[in-house]
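Observations on chain architecture
Each chain, letter by letter, is given below.
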2 protein chains.
Amino acid sequence: MTKISSIDNNNPVFNPVKFIQREREASKLNIDQINTFLESTSERRDLTHRLINEITNDRILETDSSYYDLNKSQQREITANKIARLALYMEHDIKTARNNFENKNLIQDLQKNNGKEPLLSSSDFTIFDKRLSLIANIDPQLSTRVGVHLGLFGNCIKGNGTDEQITYWLQERGASMIRGIYGCFAMTELGHGSNVGQLQTTAIFNESNNTFTINTPNLTATKWWIGGAAHSATHSVVYARLIVKGKDYGVKTFVVPLRNTKTFQLETGVVIGDIGAKMGRDGIDNGWIQFNNVIIPKENLLCRFIQLTNQGNGDVTVKVQPQLDQISGYSALLSGRVNMVMDSFRFGSKFATIATRYAVGRQQFASNKDGKNSNQEEVQLINYPLHQYRIIPQLALVYLISPVAFKLMDTYYETLDELYRVSTAKDNNALVTVSAKLKNLFISSASLKATNTWFVAQLIDELRQTCGGHGYSQYNAFGKGYNDWVVQCTWEGDNTVLSLTSAKSILKKFGDAAQKGKFDSKLDGDEFGYLDPSFIAEVYTNQVTADISDDSNLESFIQVWAILLVKSLVHIGKALKKNNDIDSLSKLLVQISRFHAIYLMLKTFHEKLENDKESHITDEVTKATMWNIFRLFSVYYIDKYSGEFLQLKLFKADDISNVIQPKLFKLMAIIRTDCIALADAFELPDNMLNAPIGFFDGDIYHNYFNEVTKNNPQETNGAGIPPYYMALTSMLSRE
Amino acid sequence: MTKISSIDNNNPVFNPVKFIQREREASKLNIDQINTFLESTSERRDLTHRLINEITNDRILETDSSYYDLNKSQQREITANKIARLALYMEHDIKTARNNFENKNLIQDLQKNNGKEPLLSSSDFTIFDKRLSLIANIDPQLSTRVGVHLGLFGNCIKGNGTDEQITYWLQERGASMIRGIYGCFAMTELGHGSNVGQLQTTAIFNESNNTFTINTPNLTATKWWIGGAAHSATHSVVYARLIVKGKDYGVKTFVVPLRNTKTFQLETGVVIGDIGAKMGRDGIDNGWIQFNNVIIPKENLLCRFIQLTNQGNGDVTVKVQPQLDQISGYSALLSGRVNMVMDSFRFGSKFATIATRYAVGRQQFASNKDGKNSNQEEVQLINYPLHQYRIIPQLALVYLISPVAFKLMDTYYETLDELYRVSTAKDNNALVTVSAKLKNLFISSASLKATNTWFVAQLIDELRQTCGGHGYSQYNAFGKGYNDWVVQCTWEGDNTVLSLTSAKSILKKFGDAAQKGKFDSKLDGDEFGYLDPSFIAEVYTNQVTADISDDSNLESFIQVWAILLVKSLVHIGKALKKNNDIDSLSKLLVQISRFHAIYLMLKTFHEKLENDKESHITDEVTKATMWNIFRLFSVYYIDKYSGEFLQLKLFKADDISNVIQPKLFKLMAIIRTDCIALADAFELPDNMLNAPIGFFDGDIYHNYFNEVTKNNPQETNGAGIPPYYMALTSMLSRE
């Protein structure tokens, strides 16, 4: 082989290493402090890095560039092997969380539930949940395949099962430890996605023998897209209509065995097929399921909020706790939504790192463009203002997602813990409070999930384009990254539907506040501060403004969005009064959800950075840059939504070109000088990026060339004769 | 197998066939007339349908849903077989174009160039070019793989070779008939893409033996992304620096043999490797090439606009025609750009058809949402105003692309024919005129290519999301469609770079017009009418307005963009005067290019529809709908760019919510009633759509289910035991 691989380091053309190193050294930012900020706390940061280290150095779990050449069946098999490996890590992580390595039989004892060990609780899974979340950034299909079992199957049981059912399925049967049974989540049907209330699968109660008969009444009722169903799952939670004595009680959840746990043979009456090729995540064995008179015992109805009592004398009663029944039905999806905001941070950080490094290392066009001198130093891409506009705001976006993602995650665990506690204690007053909190969690998680999965889809797409053709190479992560990512905009709550529901709830709160002066500041003060009636009144009377031109007034960068939200809500309210047709306003409602997310992101970032203890950033230079990122984020989206700001008269027409846009470009130029450090601060190792044009050393061309040639060795005969050359030669020489 | 496949046709839930058929029957639109409009003329329309019919019914060329399950090597091999098939069609198409089936040896006679037959000209390829363009809509990687050979390799020789060179390579050697040699196009290098002038490959003239030595001086000079290089190409045109007696004359084009045409062994000094996996179009064997002292004869320098004379006594002279040398270097890319605008129409029509039919057939959520009644008729997706907003403007976009795509194609052929004619005749005055026309073609093709490939990328992505999870299934075409499509935003001129160059040329024309009153109305009156100095003066003095509220004033829907363009250019001109830094204005320049494209699209559509003979639409109902589509397109983008319109004070803040948005939603609701007919009017057969949720009969669920089960048969043992079940069972039963 005679490959040329030299680069002349004295050649003024192409020395990405030099540029990247130079900018790295020149930056005065404190990377350590920033990384702690991004990882929430020092303890969490340490854990993150320990887990990344373990994942990326485990021979089975590691993911290198050969990943991009796997076909569907290879992906599925490798994923299954990785799941088996993760099961061992899970045991290890539970032991670590309990700080209990003395009881060698800890896992068996938990499964036997013999009272030697306290029941499993969510704190036992803190480490493993984080491990899974980090794996999502390397091999998303793996984390989904495990996430369906633990997150959807598990959380559906946790959210809808009684304490006994939870202990039975998740601990004694071993589901939580990935032992004994493997679950899937049969909600979606071929004909119904978002409209869960109209699912068609039936579960008819047989009072004579205390069983249910599960049926798929017609083609559109086929369970569809069920992750893990095609090959992995032994059990499923099934969303089906509870029918008792001919009466339809709506959709409830049931545990249905699908396969024998030893032989993996399908249970009788269960028909399963493979969904086949998808846009991405082919390592997940999504399947379809049809039920033909499948019989399950009465105990398999998950009944935390529903009671089915059969007196045996034809007297069957059904009692539902309506307030929580509805919420709990969806609660399994909540965890996924919360996780997707965290995924948005992690996925975004990965692609922002790759694109930033490439933009600093790649040069194109000399100032003197006569084309005659091939030795002239060309301009680094990142030095073009347009390129800064394409890169820097995306970097800022990722910074703004982190604090809100961690806060949402914490709120989620607190609220769910509270819900389990009070519903087990049957404390009805407390239930009302926690259900209000849960509703807020639904609103903000929906708005943040929809907004950020959309933003990050756009981020991946736009950053890929900044890498030109090299972004289109599968080895540089963007292609598969995008394909794997975009399903997040559709599943576990379609982004459009989520945006509408969260906006409608906000609109309702706004109506209560504006018309009735109702505002529960303890409940809503944090997330919905802009709905405080006194603030609304100030906006109404134009007493409140946000002066973006004053950099020192940091709160104005949040306030401007609070005002926009109120003005938009007023606008919608007026329109609604005229036509009383909420559907006709849905384009505006989607914006409400987006503006709410932007507001929350700015507010959470501000709160964290303002507080030295919370932010861990004491270095003044670093802090100043972090505030610039905060300002940039706000200003970038003001410019993006300038149409809305101008329509609602928050700004005058000239403000956009005289104030907003100059500020935007000024901030980008300032942040640009530290962009390598800001990308480094994500502290993602090369084997997590898995994209040679973004590796830490900046040796873009060698690294990329090496990965391509490693995965595509030249023909062994060295002659370059293609496998299908007969087809070509006979064509070229045809008479 | 016990699959349930029944749908109860009397069940009020899920009857997509009924909806689609009903709306089809209810529409009064004249589909025939619309299709003729969209296909430009009756003759072209007939040809289109004949070719589609041939392509989709040829056993080798047909593409069905199994396509979505092919791995990379399968894709490459099948593509090679399809190329061999296409070579036969090409011969057939040349014979048809010449209407000459009597001379059985026509192709051989052409290749022998024995004077029996006139030389091949572009009219010989009219039919085959269209065939290839239609294939791009079914199997884009196939058309690219042929397009690189004919379009890039062929057009590079046509644009840069002398008449003798053109005849030799393309006719006598057989390249144009896909015989004898197969070409690739080695322009891009690992380190240089858009900046062609700085490519590093060298071609050093050896005066002692009249040869060139081609070398790859270092890693970044490796030819990269070269379609067909990995396995198919026997020859390449190579962009390399011409160096004569130590002097660098800049980048010129050379024909370099890569492989023996019989054995396919690599020529000595040629090192080739496979680029490997890509985001899409894996059927193309993109490769990298390095040259180690490869020797080629002097005749292989393409020298239409350059003369290299070796007197043999050490007296070597190089003469370049600078005006055309530069343009011709890029002219090979021009054809691709023009074709991509046509691709935008065809690709857009495909996904608009699929999403429209799905939106009409799919139902979700009943008006009564109590979830208790599973028999209530649910709402068709398309009846939600938000869904109309997501679908109808995309449908309108496709309608607006068609006329401009055909016009651009016609202009391209006319201008190139003129260029060949006058440069062969060495008519220098005529050369000045045609080079000005060529420059305009560069501007508009760049602006239209960039804008429409971006618009259609967004169209595919957004329409996929409207199909929910089913859009994520590979079998419904969106995933592979997007992956195959988006490279169009990067290759043959990166969209950002193209937008900037076209906008800078427009800005220059504007400067000449506004400051010097210079405007060549014969040359620029059609495409750049808004640069007429009298119009500019009227905009300056606010004498001209566009009243969008008046539906009857059709021209105002174009005028509004003309005003926006002038106002934007004035804005940029002022900013430039202040800072003299064009790079800082590049975000605005990209918009100029986009607004220019929108303006051209509206203007071309308007001109065509206004003229009954041109439009072929005589039916009044149909014509009224077509005008509504025209209005909607304009209004939709006004709303999208409301920030720009408000900043530049074309509208007052309240106009957007009081005039523009109500008009937008009103137009969508009107067009919605005919949306099935408007999708049908593309007349794409199911086997061109290759997406069961979009098939003509509207039987969404059966069709989709059938394709999934056909490509993923249940395990033959019927038991559903997965291939990797040992990995799972041993994990689940581990101690």
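Criteria and cut-off values
The written sequence of each chain sets the order in which its residues are numbered from 1. Here chains are named by letter from A upward and ligands by number from 1 upward, in the order in which they appear as written. Whole-chain, interface and lining totals are the exception, using all residues; otherwise, since this is a predicted model, local features are given only for residues with pLDDT of at least 70 and side-chain atom pairs are given and counted only at 80 or more. For side-chain calculations, the full set of non-hydrogen atoms in the structure is used, while hydrogens and water are omitted. UniProt positions are given in the numbering used here, feature names are shortened, and annotations may be inferred rather than shown by experiment. Secondary structure elements are taken from DSSP: a helix is a run of H or I of four residues or more, a strand is a run of E of two residues or more, and numbering for both begins at the N terminus. Here, a salt bridge means any Lys or Arg side-chain nitrogen found within 4 Å of an Asp or Glu carboxyl oxygen. Only protein chains enter the accessibility calculation, which uses a 1.4 Å probe; a residue whose area is less than 20% of its type maximum is buried, one above 50% is exposed, and one in between is partly exposed. To estimate how far a helix should extend, the number of its residues minus one is multiplied by 1.5 Å. What qualifies as a polar contact is a pair of N or O atoms within 3.5 Å, subject to a donor-acceptor requirement within protein and to the restriction that residues adjacent in sequence count only when both atoms come from side chains. Any two residues whose heavy atoms approach within 4.5 Å at even a single point are treated as in contact. A 1.4 Å probe defines the accessible area here, and the buried area is the portion of it lost by two parts on being joined, summed over both. Under the scheme applied here, ten amino acids are nonpolar (Ala, Val, Leu, Ile, Met, Phe, Trp, Tyr, Cys and Pro), four are charged (Asp, Glu, Lys and Arg), and all others, including Gly, are polar. The rule is short: rings of Phe, Tyr and Trp, with Trp giving its six-membered ring, pair when the centres are within 6.5 Å, and they are stacked under 30 degrees, edge-to-face over 60, tilted in between. Whether a charge lies above a ring is judged from NZ of Lys or CZ of Arg, which has to be within 6 Å of the ring centre and within 35 degrees of the ring normal. A least-squares fit on C-alpha atoms brings the copies together, and the residues used are those whose pLDDT is at least 70 in both copies. Here, two cysteine sulfur atoms that lie within 2.5 Å of each other are counted as a disulfide.

Let us look at the UniProt feature "domain: Acyl-CoA oxidase/dehydrogenase middle" (unreviewed entry) in chain A. Mapped onto the present numbering, the UniProt feature "domain: Acyl-CoA oxidase/dehydrogenase middle" (unreviewed entry) falls at residues 184-294 of chain A. Helix and strand shares over residues 184-294 of chain A are 0% and 44% respectively, and the end C-alpha atoms of the span are 17 Å apart.

This next bit is on the pattern of salt bridges. This model, assessed by the stated rule, comprises 80 salt bridges over all chains. A salt bridge links E54(B) to R50(B), with the nearest nitrogen and oxygen atoms 2.8 Å apart. You can see E54(B) and its partner R50(B) sitting in helix α3 (residues 42-56), 4 residues apart, about one turn around the helix. By relative accessible area, which is 22% here, E54(B) ends up partly exposed. When salt bridges that share partners are traced, they join R50(A), E54(A), D93(A) and R131(A) into one network.

All names here are of chain B. Taking 1.5 Å per residue, 27 residues should reach 39 Å; helix α4 (residues 72-98) reaches 38 Å between its end C-alpha atoms and fits that length. Where α4 begins, one side-chain oxygen reaches toward the backbone nitrogen of S73, 3.2 Å away; that side chain belongs to N71. Positive phi appears at N99, one or two residues downstream of α4, with a value of about 50°.

The subject of this paragraph is the interface of chain B and chain A. Between chain B and chain A, the residue contacts involve 159 residues of the former and 159 residues of the latter. Around 12,700 Å² of area is buried between chain B and chain A when both sides are counted, 57% of it from carbon and sulfur atoms. Residue R734(B) pairs with E91(A) through a salt bridge whose shortest N-O separation is 2.7 Å. The interface formed by chain B and chain A holds 61 residue pairs in polar contact (both at pLDDT 80 or more) in total. A breakdown of the residues in the side of chain B that touches chain A according to their chemical character gives 62 nonpolar, 65 polar and 32 charged.

Another aspect to go through is the pairing of strand β7 (residues 270-274) of chain A. Within β7(A), 5 of the 5 residues are buried, which leaves the element mostly enclosed by the surrounding structure. Residues V270(A), I272(A) and D274(A) point to one face of β7(A) and V271(A) and G273(A) to the other, with burial holding for every one of them.

Look at N542(A): it is not a glycine, yet its phi comes out positive at around 55°. Mapping N542(A) onto the fold places it in the loop between α15 (533-540) and α16 (556-579). Since its relative accessible area comes to 53%, N542(A) is described here as exposed. In this structure, S40(B) is a non-glycine residue whose phi angle is positive, near 85°. Positionally, S40(B) belongs in the loop between α2 (31-38) and α3.

This next bit is on the side chain of Q171(B). All names here are of chain B. Tracing the sequence through the fold places Q171 in helix α8 (residues 163-172). For Q171, a relative accessible area of 4% translates into the label buried. Polar side-chain contacts of Q171 include one of 2.8 Å to the backbone oxygen of L110.

Further remarks concern the packing of aromatic side chains. Across all of its chains, the model carries 61 aromatic pairs over all chains by this definition. Ring geometry for Y636(A) and Y637(A): centres 5.0 Å apart, planes at 80°, overall edge-to-face. Assigned by exposure class, Y636(A) and Y637(A) land together as buried. Ring geometry for Y399(B) versus F682(B): centroids 5.3 Å apart, planes at 50°, classification tilted. Here the residue Y399(B) occupies a position in helix α10 (residues 385-424), and F682(B) occupies one in the loop between α22 (675-680) and α23 (686-689), the gap between them amounting to 283 residues. Of the two residues, Y399(B) and F682(B), neither departs from the other in class, the shared state being buried. In textbook terms, an aromatic cluster arises when at least three aromatic residues are bridged by ring pairs, as seen for Y389(A), F455(A), F633(A), Y636(A), Y637(A) and F665(A). Above the plane of the ring of F528(A) lies K509(A), whose end atom (NZ or CZ) is 4.9 Å from the centre.

What follows deals with the relation of the copies chain B and chain A. Expressed as a screw operation, the relation of chain B to chain A combines 0.0 Å of axial shift with a rotation of 180°, fitting to an RMSD of 0.0 Å. What the superposition gives is, in effect, a two-fold axis relating one chain to the other. When C-alpha distances to the rotation axis are compared across chain B, the minimum falls at G643(B), with a value of 1.8 Å. Looking at the interface residues of chain B, 100% of them are also at the interface in chain A, so both copies use one shared face.

This part covers the state of the cysteines. A covalent bond between the sulfur atoms of two cysteines is what we call a disulfide. Inspection of every chain in the model, using the stated rule, returns 0 disulfides over all chains. Cysteine C303(B) is unpaired, with the sulfur of C156(B) as its nearest cysteine sulfur at 12 Å. According to the relative accessible area criterion, C303(B) is partly exposed, its value standing at 25%. You can see C489(B) has no disulfide; the closest cysteine sulfur is in C467(A), sitting 15 Å from it.

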